Amino acid sequence: MKKRTLTLPVLIAVALSLQGFDLQAANPVPATLPRPDVNPVDAKKPVKVYIMAGQSNMVGFGTPSGARCAYNGIYLTADPDASFGPFAIFLGGNYKIAHLGIFVSADPGAAKGASAAIYKGAFDAARNYDKEQPVKTEAVALGISKGVLPSADAETCVAKAFIEVPESGNYTCSPGYGDSAFNVMELDGKEVYRRNIGEAAVRQKVTLEAGKRYPVTITYFKGGSTALWMSQEDLVGRGDLESLTQRDKLFPWLIDDEGKWTVRSDVYYYDARISFKGSPLSPASNGKFIGPELGFGCVMGTFHDEPVLLIKTAMGNRALNFDFRPPSSGKTEREGADQWEGLEYRLMVEGVHKTLDGIATNLPGYAGQGYEIAGFVWWQGHKDKGDPKEEYEKHLVNLINDLRKEFNVPKMPAAIATVGFGGYDIEAGPWKGIWDAQMAVGDPQQHPEYAGTVASVDTRGFWRAVDESPSGEDYHYNKNAETYMLTGDALGRAMVQMLGGKAEPLPYGNRPKPAVTAQPAAEVPQDLDEAAKAAAAKTSQKALEPIITDGMLKSFTADSKNRAALLSAVNGDKPARTSQFLRDSLDALNNFYIAAGVQDYEWHAFGPELNNAEWDCFSFDPPEALDKAKEPRYRKVTYPAGMENWFAPDFDAGKAGWKKGLPPFGNKVGKLAPLGACTQGQCLCGLTPRTLWEKEVLLIRGTFEIPAFKEGYRYRFVVGGSNHVMAGEGYALYVNGKLLAESKTGVPNRAGGQPRGAHVYSDLLGEFKGGKVTMAATSFLQFNRRGAEGQPMGHLTVWIEEQKLPPVE
């Protein structure tokens, strides 16, 4: 029999005769698989058993349905100064800036830009400019925001060009910016945009094909910017199995004529590690996700006439060098490793044996015909990040050999899927050694002993970016169902060839390595407040300003949920549930303005410099003792006699024995020492306290001359010193004896980096008409450290900030 070379991403030296193994191939596997049950199952033949093992991606995280677009908006521009790709507005959404092609003609080699004809006289709708002779004609950089139309006053400019979009879909057009936005635009003879002077713009959606050039004509009513951008309107989810099969027409064998999932009666899937349940193979077999078992099982069901049993023994966050460590790799010297080292290997073996020992119960329709362990499938590697090739390769070789020995199948075929995080960029990442090792075992030059019995499937070409996926979890391949289907399908076709069968390659899905590998994405900045500013600084604000202000910002404010929150914040309405964290919808709106280069709506300190003002202060240990290993510490306590109304304007702190002190008030293990490194912004935990916070409960108060709050602005009290995860305790703030805000907890896990405090809502604005205001605050020291009693920690500063209200319309 002639040797067949697999053209999928599979490195194989496959001999089509395996010593000691049944090689009878039932059916050739075509490129496009038939729907299930075309070929009847021979229930008299032994069941073909495949063991599938690995970590979370073998468990399966491919999304069956319900994927949403990764972006709140996709905008196209031809401006070379723009920063293309993902564009995040902190708190405001995730957007994408894509390329718009603008050319002087439809010819493939046409230059970029447009031609502009200038006609004498102001715009007149009654004139037919196509039949008039222009005063002059010249090239114009259409689509460039900083460009200027060549027309002068009392002249009309008509620009013509051809546009090309990178992706088929529905679009709206936005020609011009500022004065030049007053114009009419036709695309392929159809009016798609009109904004008459003094009126709002009217846009019509238009359906465009990728790669096709369409003629456009823009007749300007006023001069100004040559900006032109577009918005993609059909922001559909991508990468879930439903859209792949029904919209993209991939994997047609997974759906029937009515669009419902097909079910294979010839392949049974059994989970021997997590659920200990089974079902006939379908996209619903694995619960709320799919794994590689779906693609693999469909191939093997097509190939075999016999019933097929897939036994999966996989668990997330497991390493080959420890959890799956095979017996032949020996033991490590890790302290306390005996109980856990190799446990996943033992559970895998145990799960397979138990499933097969109970096959009469676990496999419906089993008639005692026996079974044959036909192959092993492995997909793992994330947890072994950073291991060198030699280390992982040693354990993988031992795994294959030990399993062959355990199940008494000396030549058991093994199909190994590589790690593929980031696609071809994996070559520069911490999984390079893992990938090299996984490819090596299927290479007959490196492992001649495995020739024809071990195949390596390169999954790098199956990687799909966030744009094409339901999620941004790169460690789960962005939960892209196509990646999981392609991986399983390729493993199946590799297995078929090792079993002596014929398998045509799938005609789609495996993307080739690009000529120039893309650079790894920049690391996300830790300070997300600064991220929006950094994004604006790195790009030309002039290039993206029209898109941000007329596109992203207007879309954000037009959203009904956002709009309700924005108007409520502008009006100073107190929400039903207030938060200790200060960021809200108006802060999100401000970030759009910042990204567009407008700095007018940032928060600034207001009134007297309270960080350097003298406060009355007192601390005490309450009679309501609480175990110092417990949290939160903030609670209702009994104040010392005579201090019940310590926050009231008429309370005399001097007579009550209070001290005077300068902020910050703090305690770090009984000393005046900073708790962290923040010396600016809304935390300041890096400032050295000037007044010791001696006992558990701290009370501070002061009467200060506060200027009147202004119309068109809003105000907030900031509680500094405890913005970080698990930092600080609850607090209460008072204004003229009235409770402004209360938080009963500190900063919980995953909530750090946010300013804390309270907005001044309309119910208390009357306290700030200009003049004396009594302000008071209380908080508690922390003692808890990871569930155990620790040393006292605390840091407190309070001040007022002001923000000019950003326009919502």
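Heads up: the structure comes first, above all this text.
Residues numbered from 1 in each chain as written. Predicted model: local features only at pLDDT ≥ 70, side-chain atom pairs only at ≥ 80, totals over all residues. Heavy atoms only, no water.

Quick look at the overall build of the protein chain now. Within the protein chain, the secondary structure is distributed over twelve helices and 35 strands. Taking the principal axes of its C-alpha atoms as reference, the protein chain extends roughly 95 × 90 × 45 Å. Burial statistics for the protein chain: of 809 residues in total, 54% are counted as buried. Look at the contacts in the protein chain between residues 6 or more apart in sequence, and 75% of them connect residues 24 or more apart. Of the roughly 35,700 Å² that the protein chain leaves accessible, carbon and sulfur atoms contribute 50%. In the protein chain, the 88 positive side-chain charges and the 96 negative ones have mean positions that sit 1 Å from each other. (Helix = DSSP H or I, 4+ residues; strand = E, 2+ residues; numbered from the N terminus. Buried < 20%, exposed > 50% of the residue type's maximum accessible area, 1.4 Å probe, protein only. Contact = heavy atoms within 4.5 Å. Areas by Shrake-Rupley, 256 points an atom, 1.4 Å probe, with all protein chains shown as cover. Lys, Arg positive; Asp, Glu negative; His and termini not counted. Charge placed at Lys NZ, Arg CZ, Asp CG, Glu CD.)

For the structure shown, the criterion picks out 36 aromatic pairs. Among the aromatic side chains, those forming a connected cluster through ring pairs are Phe 618, Phe 620, Tyr 639, Trp 646, Phe 647, Phe 651, Trp 658 and Tyr 734. The ring of Tyr 713 has Lys 710 sitting right over it, with the charged end atom 4.3 Å from the ring centre. Seen from the ring of Trp 603, Arg 716 lies directly overhead, with NZ or CZ sitting 4.0 Å from the centre. (Phe/Tyr/Trp six-rings, centres within 6.5 Å; stacked < 30°, edge-to-face > 60°. Lys NZ or Arg CZ within 6 Å of the ring centre and 35° of its normal.)

Another point: the sheet that holds strand 5 (residues 93–99). Pairing within the open sheet is mixed, and its six strands lie in the order 4-5-3-16-10-14. Two strands close off the open sheet at either side, each with one partner strand: strand 4 (85–89) and strand 14 (206–208). Going across the sheet, the axis of each strand differs from the next one's by a mean of 35 degrees, ignoring polarity. Of the strand pairs in this sheet, strand 10 (residues 169–175) and strand 14 are connected by three bridges, and their pairing is antiparallel. Among the inter-strand pairings, Gly 169 is bridged to a residue of strand 14, identified as Leu 208. Set on the sheet, helix 10 (residues 541–558) makes contact with strand 3 (73–77), strand 4, strand 5 and strand 16 (228–232); between it and strand 3 the angle comes to about 155 degrees. On the sheet, helix 12 (residues 585–595) packs against strand 4 and strand 5 and is oriented at approximately 130 degrees with respect to strand 4. (Pairing = 2+ DSSP bridges. Axes fitted to C-alpha atoms, helices over the stretch in contact; angles between N-to-C directions.)

Mapping Arg 460 onto the fold places it in the loop between strand 22 (454–457) and helix 8 (481–498). For Arg 460, a relative accessible area of 10% translates into the label buried. Side-chain polar atoms of Arg 460 contact the side chain of Glu 427, separated by 2.5 Å. Excluding residues that lie within four positions of it along the chain, Arg 460 makes contacts with Gly 420, Gly 423, Tyr 424, Ile 426, Glu 427 and Trp 435. (Polar contact = N/O pair within 3.5 Å; in protein donor to acceptor, adjacent residues only side chain to side chain.)

Two elements in contact, helix 10 and helix 12, have axes separated by 8 Å at closest approach and are oriented at 160 degrees. Relative to helix 12, helix 10 is oriented roughly antiparallel. Only Ser 585, Ala 588, Leu 589, Phe 592, Tyr 593, Ile 594 and Ala 595 of helix 12 make contact with helix 10, whose side of the interface consists of Gln 541, Ile 548, Met 552, Leu 553, Phe 556 and Thr 557. (Parallel < 35°, antiparallel > 145°, perpendicular 65-115°, else oblique.)

Before going further, it helps to spend a moment on the sheet that holds strand 28 (residues 697–706). The strand order across the open sheet built from six strands is 25-24-28-33-30-31, with neighbouring strands paired in antiparallel fashion. Both outer strands of the open sheet, strand 25 (659–661) and strand 31 (738–743), are each paired with one neighbouring strand and no more. Going from strand to strand, the sheet's axes swing by 25 degrees on average, the running direction of each strand aside. Here ten bridges tie strand 28 to strand 33 (residues 771–780), and the two strands are oriented antiparallel to one another.

As a further point, take the nonpolar core. In this structure, Met 300, Leu 309, Phe 376 and Trp 378 are the most contacted members of the largest nonpolar core, which totals 93 residues. Among all residues touching Leu 309, those that are not within four sequence positions of it are Val 47, Lys 48, Val 49, Tyr 50, Tyr 268, Tyr 270, Leu 356, Ile 359 and Leu 363. Counting 36 residues, the second largest nonpolar core, distinct from the first, contains Leu 610, Leu 684, Leu 698 and Ala 741. (Core = buried A, V, L, I, M, F, W, Y, C linked by side-chain atoms within 4.5 Å.)

Turning next to the packing of helix 11 (residues 560–571) against helix 12. Viewed as axis vectors pointing N to C, helix 11 and helix 12 meet at an angle of 105 degrees, and their least axial separation amounts to 8 Å. Classified by the angle between their axes, helix 11 and helix 12 sit roughly perpendicular to one another. In contact with Ala 565, Leu 566, Ala 569 and Val 570 of helix 11, helix 12 contributes Ser 585, Leu 586 and Leu 589. Counted by class, the contact of helix 11 with helix 12 contains six nonpolar, one polar and no charged residues. (Nonpolar A, V, L, I, M, F, W, Y, C, P; charged D, E, K, R; others polar.)

As a further point, take the pattern of salt bridges. Applying the stated rule across the entire model yields 39 salt bridges. A salt bridge links Arg 35 to Asp 257; the shortest N-O distance between them is 2.7 Å. With a gap of 222 residues between them, Arg 35 in the loop between strand 1 (10–11) and strand 2 (47–54) and Asp 257 in the loop between helix 2 (241–246) and strand 17 (264–271) connect regions that are remote in the sequence. For Lys 96, the salt bridge is made with Asp 467, and the minimal N-O distance between the two is 2.6 Å. Note that Lys 96 is positioned in strand 5 and Asp 467 in the loop between strand 22 and helix 8, a separation of 371 residues in sequence. The class of Asp 467 is partly exposed, set by a relative accessible area of 22%. One salt-bridge network, held together by shared partners, links Glu 427, Asp 458, Arg 460 and Lys 513. (Salt bridge = Lys/Arg side-chain N within 4 Å of Asp/Glu carboxyl O.)

What follows covers the pairing of strand 24 (residues 615–620). For strand 24, a buried count of six out of six residues is recorded, marking the element as mostly surrounded by other parts of the structure. Taking every second residue as pointing to the same face, both faces of strand 24 are buried, with Trp 615, Cys 617 and Ser 619 on one and Asp 616, Phe 618 and Phe 620 on the other. Relative to strand 25, strand 24 is paired through three bridges, and the arrangement is antiparallel. In the sheet register, Asp 616 faces strand 25, and the bridge partner there is Lys 660. As paired strands, strand 24 and strand 28 are joined by five bridges and run antiparallel to one another. Note that in strand 28 the partner of Ser 619 across the bridge is Leu 698.

So, about the environment of Leu 699. Relative to the assigned elements, Leu 699 resides in strand 28. A C-alpha to C-alpha distance of 76 Å links Leu 699 and Pro 34, two positions 665 residues apart in sequence. Ignoring anything within four residues of it in the chain, the contact list for Leu 699 reads Asp 616, Cys 617, Phe 618, Phe 620, Tyr 639, Trp 646, Trp 658, Ala 777 and Thr 778.

Another point: helix 11. Over its twelve residues, helix 11 runs 16 Å from end to end, which matches the ideal 16 Å to within 8%, given 1.5 Å per residue. Among all positions in helix 11, only Asn 562, Leu 566 and Ala 569 are buried. Down the axis of helix 11, the smallest arc covering the buried residues is 65 degrees, so these residues share one side. Residues of helix 11 that are exposed and point more than 90 degrees away from the buried face comprise Ser 560, Lys 561 and Asn 571. Elements that come into contact with the buried residues of helix 11 comprise helix 10, helix 12 and strand 29 (713–720). Here helix 11 starts with a cap whose side-chain oxygen sits 3.1 Å from the backbone nitrogen of Lys 561, and that cap is Asp 559. Phi turns positive one or two residues past the end of helix 11, at Gly 572, with a value near 75 degrees. (Expected span 1.5 Å × (residues − 1). Arc of directions from axis to C-beta.)

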